[in-house]
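Chains, contacts and geometry: an overview
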Amino acid sequence: RLNAISAVNKTTSTSKPLNFLEEKPTDLFGCNVFNDKVMQEHLPKPVYKSLKRTMENGEQMDPSIADAVASAMKEWALSRGATHYTHVFYPLTGLTAEKHDSFLEPDGRGGAIAQFSGSTLIQGEPDASSFPNGGLRTTFEARGYTAWDITNPAYLLENDNGVFLCIPTAFVSWTGEALDKKTPLLRSNQAIHTQTSRLLKLLGHKNFGRIQNFAGVEQEYFLVDRNFYFARPDLYLAGRTLFGAKPAKGQEQDDHYFGTIPKRVLAFMIEVERDLYKLGVPVKTRHNEVAPGQYEIAPMFEDSNLANDHNQMIMSVLKSVAKRYGMACLMHEKPFAGINGSGKHLNYSIGNGDFGSLFDPGETPHENAQFLLFCAAMIRAVHKNGPLLRSSVACASNDHRLGANEAPPAIMSIFLGQQLTDIFEQIKKGDEVTSKAKGILRVGVDTLPPLPMDAGDRNRTSPFAFTGNRFEFRAVGSSQSIAGAQLILNTILADSLDYISNRLENLMYGENWELNDAVTKIIQEIIQEHDAVIFNGDGYSSEWAVEAEKRGLANLRTTPEALPALNTDESVKLFESFGVLSKRELDSRTSIFFEQYVNAIQTEVGLAIKISRTSILPAAVRYQTELARNCLNMKELGLGCVQGPLTTLTENLNGLESAANELETMLTQKHSDEQEHAQFLCNKVLPVMTELREYADRLEEIVADDLWPLPTYQEMLFIK
Ligand code: ADP
Ligand code: MG
């Protein structure tokens, strides 16, 4: 540990500062992407046009153009120094997977040629047996296919080992079932397009482009010096510290949040941004976060499929660049107990170039009515499907965050801000929906008062906040893929939009209602039934948990409690009716997520036992021996000795040992299935882990500093 501290001081790091005079933004941004400009230059016109139609309107791809596209991609990649191509996909581990193949193929005459055909572009066959499939594919049929996701551009990944052409793909089993995060996201995009278009047509719109759903992802992370990182097996194996006493100085003084960015970190950030610009990721903001050693990066919002790929790239670039600067980038939701955790705020909206965001109030009464209707749809969606939405962010690491008085609570509610809440209240109460009485807002006739932009900033305690022209889902964990949350938001919103369109058709065509009156009536009905989900108060307060229960809102605190909602009869029906996930796919996903929970906790428990026995206990015993010897010596000299520390030390040492033994016994217990196993770990094992930690952390406060083996919180958080 002491060596690690002195090694930190020797770290030097400089980067070439980014300078838009020398590196022109237009040359830099997207220079490694097979983007529109490159395609136009390299593709025959008809091929280019056909490809664009598929990319922009989601039309079926014409298979006959694949060879031409592949050949253009190959030429471009080779001209930029690429040696390999890889289908990039997103298995259910939440990570990014790649399989590299060389462009080089023997020509049969002793030489070699560069090969890359249309069929290798469209489809790949990685050895899929090592990726989780939850029963969808037994190992003897270990075939899984990667299929080119034509809507996202291919790109070149450059690193110290060379240049690779990366092709974004979906990953499916040989029976066509989704084995990844992207496939159902793409299906849910289709559902949003279909249902939103249907409603917009009923509202009188004609001739508009494909409806998209957008994601703007704020990514939080920690940076720790690598010398400390490798001295903490818990950090590099479990992603978080399993031990560590509270530092003398915490985050109370907020001096980090408002402080300047440390030099090494700034150099790192600049290089991250340069790498991401090249990949066409529109990074926009960088800043310190609340906790010492914590930072945030956020790109501009994009189409959700692209934003998802880009978020995965951001996470890998952060990690790899951190290494170059002698640091480790921690994505875990709670690397340090008692210190703020990291989340991923998912800014969510739907719309397109014709409409902008459909969650934007707009200026005319017509736009306002439409806005209120889409807002009402979101309110209904979150109220009806709170537990399902909660399940999308359930994982072992995020359990440390949700509900821990710094991240949103595990109760799914919506923050609307006072003004918008008042407007819905008025509509709710208005008994005469077309009332012309003064002061009553007439939907579709009056204009809304201007709503404050980013009203959400004033309430950081809500898991789902309206922020002026979008909703911000703040419960996603920093290590998670956004795809899970995004596809559930899409599906539950599509369901509400479908409901609204049906109701609108009934009122207008069945009962001859005027459009405006029908819209008002539907908003009114929705608010009357679903306003229990609206909450503008302090989500951290204990009163809210009580109040939420009265309102019938679920409070699912842990993963084993939250996951089952993903696979209820109701959820299956919902996902199947919009073609997002089938029963078999949901079974497989639920089982994988439980398995991941079990694996994560088991790894942690195993590590905790090992570290306490092989690092903490020996240090404590050494100190105990020193104290005991000192006591004996003092007695021999006829002097009294200070017994206090020896007694406290011995008590905690004994406690540590017996907690470790208890954990070890618990790990040998047999279980009927994954779900029961997860519950056992959560309810029985985790409390003993906490106990073990308490003994260890007390020991850290007693044992002589020069004997303590693990880098401490203050060292990891404050030494840069
Ligand atoms: P804050 O920290 O105040 O929440 P940031 O600027 O850090 O704000 O992040 C806001 C994110 O929301 C950015 O990624 C931004 O591009 C995104 N965003 C803005 N408008 C929309 C929208 N209509 N739909 C989705 N995301 C949006
Ligand atoms: Mg935000």
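The rules behind each value
Residues numbered from 1 in each chain as written. Chains lettered and ligands numbered in written order. Predicted model: local features only at pLDDT ≥ 70, side-chain atom pairs only at ≥ 80, totals over all residues. Heavy atoms only, no water. Helix = DSSP H or I, 4+ residues; strand = E, 2+ residues; numbered from the N terminus. Rg over C-alpha atoms; globule rule 2.2 N^0.38 Å. Buried < 20%, exposed > 50% of the residue type's maximum accessible area, 1.4 Å probe, protein only. Contact = heavy atoms within 4.5 Å. Lys, Arg positive; Asp, Glu negative; His and termini not counted. Charge placed at Lys NZ, Arg CZ, Asp CG, Glu CD. Donors = N, O, S within 2.8 Å, 3.2 Å for Na, K, Ca; no water. Salt bridge = Lys/Arg side-chain N within 4 Å of Asp/Glu carboxyl O. pLDDT = per-residue confidence, 0-100. Near = heavy atom within 4 Å. Polar contact = N/O pair within 3.5 Å; in protein donor to acceptor, adjacent residues only side chain to side chain. Areas by Shrake-Rupley, 256 points an atom, 1.4 Å probe, with all protein chains shown as cover. Nonpolar A, V, L, I, M, F, W, Y, C, P; charged D, E, K, R; others polar. Domains from an automatic or database assignment. Buried area = accessible area lost by both parts, 1.4 Å probe. Phe/Tyr/Trp six-rings, centres within 6.5 Å; stacked < 30°, edge-to-face > 60°. Lys NZ or Arg CZ within 6 Å of the ring centre and 35° of its normal. Patch = residues over 30% accessible without salt bridge, like charges linked within 9 Å, V, L, I, M, F, W, Y side chains within 5 Å. Pairing = 2+ DSSP bridges.

**Overview of the overall build of the protein chain**
For the protein chain, the count of helices and strands is 23 helices and 18 strands. Against the compact-globule benchmark of 27 Å for 720 residues, the protein chain has a radius of gyration of 28 Å, which places it among compact chains. Counting every position in the protein chain, which comprises 720 residues, the buried fraction comes to 56%. Here the contacts in the protein chain between residues at least 6 apart in sequence split such that 75% fall between residues at least 24 apart. Here the protein chain contributes 70 positively and 90 negatively charged side chains, and the mean placements of these two sets differ by 2 Å.

**Points about the coordination of the magnesium ion (ligand 2)**
In this structure, Glu-218 (OE), Glu-218 (OE) and Glu-472 (OE) serve as the protein donors to the magnesium ion (ligand 2), at separations of 2.2 to 2.5 Å. Taken together, the positions of Glu-218 in strand E9 (residues 212-225) and Glu-472 in strand E18 (residues 471-473) put the pair 254 residues apart, joining distant regions of the chain.

**Side note on the pattern of salt bridges**
Counted according to the given criterion, the structure contains 29 salt bridges. A salt bridge links Asp-705 to Arg-1, with the shortest nitrogen-to-oxygen separation between them at 2.8 Å. One end of the pair, Asp-705, is in the loop between helix H22 (674-702) and helix H23 (713-718); the other, Arg-1, is in the segment before helix H1 (2-10), and 704 residues separate them in sequence. Given the relative accessible area of 47%, Asp-705 is considered partly exposed. The network of salt bridges with shared partners includes Arg-1, Asp-705 and Glu-715.

**Some thoughts on the confidence of the model for the protein chain**
Looking at the protein chain, the pLDDT average stands at 89 and 93% of residues meet or exceed 70. Taken together, the stretch residues 433-438 has pLDDT below 50 and engages in seven contacts with residues farther than four places along the chain or on a different chain.

**What to know about the site of ligand 1**
In the vicinity of ligand 1, 14 residues are found, and the nearest of them are Glu-218, Pro-299, Phe-301, Asn-347 and Ser-349. Between ligand 1 and the protein, one listed contact pairs a nitrogen atom with a side-chain N or O atom of Arg-470 at 3.4 Å. Within the complex, the protein chains bury 82% of what would otherwise be the 580 Å² of accessible surface of ligand 1. Secondary-structure elements contributing two or more residues to the shell around ligand 1 are E9, strand E11 (294-299) and strand E14 (344-352). Here the residues of the shell around ligand 1 sort into three nonpolar, four polar and seven charged.

**With respect to the environment of Phe-34**
Within the secondary structure, Phe-34 sits in the loop between helix H2 (25-28) and helix H3 (36-42). With a relative accessible area of 2%, Phe-34 lands in the buried category. For the pair formed by Phe-34 and Leu-165, sequence separation is 131 residues and the distance between their alpha carbons is 9.5 Å. Not counting residues within four places of it along the chain, the set of residues in contact with Phe-34 comprises Met-39, Ala-72, Met-73, Trp-76, Pro-153, Ala-154 and Tyr-155.

**Concerning the domain arrangement of the protein chain**
Accessible area lost during the coming together of the parts is what is often quoted as the interface size. We note that the domain assignment places domain 1 (32-177), domain 2 (190-581) and domain 3 (596-718) within the protein chain. The distance between the C-alpha centroids of domain 1 and domain 2 comes to 31 Å. Facing the 18 residues of domain 1 at the interface are nine residues of domain 2. Summing the contributions of domain 1 and of domain 2, the shared interface buries around 1100 Å²; its carbon and sulfur component is 47%. Lys-278 serves as the salt-bridge partner of Glu-158, at 3.6 Å between the closest nitrogen and oxygen. On inspection of domain 1 and its partner domain 2, the count reaches six residue pairs in polar contact (both at pLDDT 80 or more). With four residues, the single largest contributor to the side of domain 1 that touches domain 2 is strand E7 (residues 155-159). Of the residues belonging to the side of domain 1 that touches domain 2, the class tally is eight nonpolar, seven polar and three charged.

**Quick notes on the packing of aromatic side chains**
How two aromatic rings sit relative to each other is set out by the distance from centre to centre and by the angle between their planes. Scanning all chains against the criterion turns up 22 aromatic pairs. Arranged with centres 5.5 Å apart and planes meeting at 85°, the rings of Phe-214 and Phe-301 form a pair that is edge-to-face. Here Phe-214, found in strand E9, pairs with Phe-301, found in the loop between E11 and strand E12 (302-303); they are 87 residues apart in sequence, far enough to count as distant. For the ring pair Tyr-221 and Phe-268, a centre distance of 6.2 Å and an interplane angle of 65° mean the geometry is edge-to-face. Placement of Tyr-221 in strand E9 and of Phe-268 in helix H10 (residues 263-278) is noted, with a sequence separation of 47 residues between them. Accessibility assignment for this pair places Tyr-221 and Phe-268 in one class, buried. A connected cluster of aromatic rings, assembled from ring pairs, spans Tyr-348, Phe-359, Phe-371, Phe-464, Phe-466, Phe-471 and Phe-473. Just above the ring of Tyr-499 sits the side chain of Arg-380; from NZ or CZ to the centre is 4.0 Å.

**Comments concerning a nonpolar patch on the surface**
A surface patch of nonpolar side chains, about 320 Å² in accessible area, is lined by Phe-230, Tyr-236 and Leu-237. By the secondary structure assignment, Tyr-236 is in helix H9 (residues 233-238).

**A closer look at the side chain of Lys-334**
Here Lys-334 shows up in the loop between strand E13 (327-330) and E14. Setting aside residues no more than four positions away along its own chain, Lys-334 makes contact with Arg-240, Ile-339, Asn-340, Gly-341, His-400 and Glu-406.

**Here's the deal with the pairing of strand E10 (residues 283-288)**
Successive residues of a regular strand alternate their side chains across the two faces of the sheet. As judged from the five bridges shared by E10 and E11, these two strands associate in the antiparallel manner. Each residue of the ladder has a partner; that of Asn-288, found in E11, is Tyr-295. The loop that links E10 with its antiparallel partner E11 comprises five residues; one of these, Gly-293, has a positive phi angle of about 80°.

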